[in-house]
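Spelled out from the first residue to the last, the chains are:
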Amino acid sequence: DASTASNFEIGLKSRTGLWSFDTSVYYIRVEDEIVPTLVDGETRFQNAGRTNKKGFEFSGDYQLFRGLSLGGSYTFSDYKYDDFVESGNDYSGNQMPYVPRHQYSLFADYRHPSGFKARLQANSWGSYYLDAENSEKYGGYDFVTDLSMGYETGPHTLSLNVQNLFDKHYATEVKKDTRGKKYYSAASPLAAMLTYNFKF
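This structure is a prediction, so every number in the text was calculated from the model and none was measured.

Quick look at unusual backbone geometry
Okay, so step 1: The phi dihedral of Asn134 is positive, around 60°, even though this residue is not glycine.
Okay, so step 2: The topology assignment puts Asn134 in the loop between strand E9 (128–129) and strand E10 (137–138).
Okay, so step 3: Unusually for a residue other than glycine, Asn164 sits at a positive phi of about 55°.
Okay, so step 4: By secondary structure assignment, the location of Asn164 is in the loop between strand E12 (156–163) and strand E13 (171–176).

Okay, here's the thing in structure tokens:
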């Protein structure tokens, strides 16, 4: 069945010469939530009776001095089953799987009047449950760092993008099927790409 949702959200944002931020809190109540279940490697879908999703989001930055800004973001997610019975098992009150309660990032952004720019950003995902039973967790990952640098002058732009700067080995996603077998989606290793653009 198609799911239906009622969404309530309130937010606040501010912009000044030195700092800015955006923040919001929300509550979503969903009837007939469509829930994916992994069965022998295949994803099947069914309805949970009711779920409720509560969260908080914040992002902001501060200009430390001309051209250099420091900032970050944080997300808190509390997603639960209000009513979900599957194959005789009652998961009501449990956390929904694959949703980390905490996500956060930090960044430094630099721009020079000469045309040089650079950004360093580290992203983290907290732990999350692998099943509706809440029997096992994946620990997530911490401070996976990306770097981008560029230089622009006239019609010329030279850019360097480096993903997973410190070559961390981790899984971007872990799933568990009904038999307890886990599936890992490995993250990309360190990767760099240099590009050049010319505007006619």
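That shown, we press on.
Description of the packing of aromatic side chains
Okay, so step 1: Per the counting criterion, the structure on display carries 13 aromatic pairs.
Okay, so step 2: Ring geometry for Phe8 and Tyr27: centres 6.5 Å apart, planes at 25°, overall stacked. With a gap of 19 residues between them, Phe8 in strand E1 (residues 4–15) and Tyr27 in strand E2 (residues 19–39) connect regions that are remote in the sequence.
Okay, so step 3: Between Tyr128 and Tyr138 the ring centres are 5.6 Å apart and the planes differ by 65°, which places this aromatic pair in the edge-to-face class. On the criterion of sequence distance, the pair formed by Tyr128 in strand E9 and Tyr138 in strand E10 is long-range, its members being 10 residues apart.
Okay, so step 4: Relative accessible area serves as the criterion here: at 3%, Tyr128 is assigned to the buried category.
Okay, so step 5: Put simply, the rings of Trp19, Phe21 and Phe58 touch in pairs and so form one group of aromatic residues.
Okay, so step 6: The aromatic ring of Phe107 is capped on one face by Arg119, whose charged end is 4.1 Å from the ring centroid.

Focus: the pairing of E1
Okay, so step 1: In terms of burial, E1 is largely open, as just one of its 12 residues are buried.
Okay, so step 2: Bridging between E1 and E2 involves 12 bridges; their strand directions are antiparallel. Counted as the bridge partner of Gly11 is Ser24 from E2.
Okay, so step 3: In textbook terms, the turn of a hairpin is the stretch between consecutive antiparallel strands, and for E1 and E2 this stretch comprises three residues.

Side note on the nonpolar core
Okay, so step 1: Formed by Tyr26, Ile28, Val30, Val35, Ala48, Tyr79, Tyr81, Phe84, Tyr91, Met96 and Ala132, the largest nonpolar core amounts to 11 residues.
Okay, so step 2: Residue assignment for this core shows that the elements contributing at least two residues are E2 and strand E4 (68–83).
Okay, so step 3: Residue contacts for Tyr79: discarding those within four places in its chain leaves Tyr26, Asn52, Lys53, Lys54, Asn94, Gln95, Met96 and Val99.
Okay, so step 4: In this structure, Tyr128, Leu130, Tyr141 and Tyr170 belong to the second largest nonpolar core, which totals nine residues.

Concerning the side chain of Asp177
Okay, so step 1: By secondary structure assignment, the location of Asp177 is in the loop between E13 and strand E14 (182–186).
Okay, so step 2: As a buried residue without a salt bridge, Asp177 has its nearest oppositely charged side chain in Lys181, at a separation of 6.2 Å.
Okay, so step 3: In this structure the side chain of Asp177 is engaged in a polar contact, spanning 2.9 Å, whose partner is the backbone nitrogen of Lys181.
Okay, so step 4: Not counting the four nearest positions on each side in its chain, Asp177 is found in contact with Leu38, Val39, Asp40, Gly41 and Tyr183.

Observations regarding the pattern of salt bridges
Okay, so step 1: Going through the model one piece at a time under the given rule, you end up with 11 salt bridges.
Okay, so step 2: Two residues, Asp78 and Arg101, come together in a salt bridge whose shortest N-O distance is 3.3 Å. On the criterion of sequence distance, the pair formed by Asp78 in strand E4 and Arg101 in the loop between strand E6 (89–90) and strand E7 (102–111) is long-range, its members being 23 residues apart.
Okay, so step 3: Its salt-bridge partner being Glu136, residue Lys182 comes within 3.2 Å of it at the nearest N-O pair. Here the residue Lys182 occupies a position in strand E14, and Glu136 occupies one in the loop between E9 and E10, the gap between them amounting to 46 residues.
Okay, so step 4: For Lys182, a relative accessible area of 30% gives the class partly exposed.
Okay, so step 5: Three or more residues joined by partner-sharing salt bridges are found here, namely Asp131, Glu136, Lys176 and Lys182.

Things to note about a nonpolar patch on the surface
Okay, so step 1: A surface patch of nonpolar side chains, about 900 Å² in accessible area, is lined by Phe116, Met149, Tyr151, Leu158, Leu194, Tyr196, Phe198 and Phe200.
Okay, so step 2: Of all elements in the fold, only strand E11 (141–153) and strand E15 (191–198) reach the threshold of two or more residues within the nonpolar patch.
Okay, so step 3: With three residues, E15 is the single largest residue contributor to the nonpolar patch.
Okay, so step 4: By the element assignment, Met149 lies in strand E11.
Okay, so step 5: Residue Met149 is classed as partly exposed on the basis of its relative accessible area, which comes to 31%.

About the thresholds
- Residues numbered from 1 in each chain as written.
- Predicted model: local features only at pLDDT ≥ 70, side-chain atom pairs only at ≥ 80, totals over all residues.
- Heavy atoms only, no water.
- Helix = DSSP H or I, 4+ residues; strand = E, 2+ residues; numbered from the N terminus.
- Phe/Tyr/Trp six-rings, centres within 6.5 Å; stacked < 30°, edge-to-face > 60°.
- Buried < 20%, exposed > 50% of the residue type's maximum accessible area, 1.4 Å probe, protein only.
- Lys NZ or Arg CZ within 6 Å of the ring centre and 35° of its normal.
- Pairing = 2+ DSSP bridges.
- Core = buried A, V, L, I, M, F, W, Y, C linked by side-chain atoms within 4.5 Å.
- Contact = heavy atoms within 4.5 Å.
- Lys, Arg positive; Asp, Glu negative; His and termini not counted.
- Salt bridge = Lys/Arg side-chain N within 4 Å of Asp/Glu carboxyl O.
- Polar contact = N/O pair within 3.5 Å; in protein donor to acceptor, adjacent residues only side chain to side chain.
- Patch = residues over 30% accessible without salt bridge, like charges linked within 9 Å, V, L, I, M, F, W, Y side chains within 5 Å.
- Areas by Shrake-Rupley, 256 points an atom, 1.4 Å probe, with all protein chains shown as cover.

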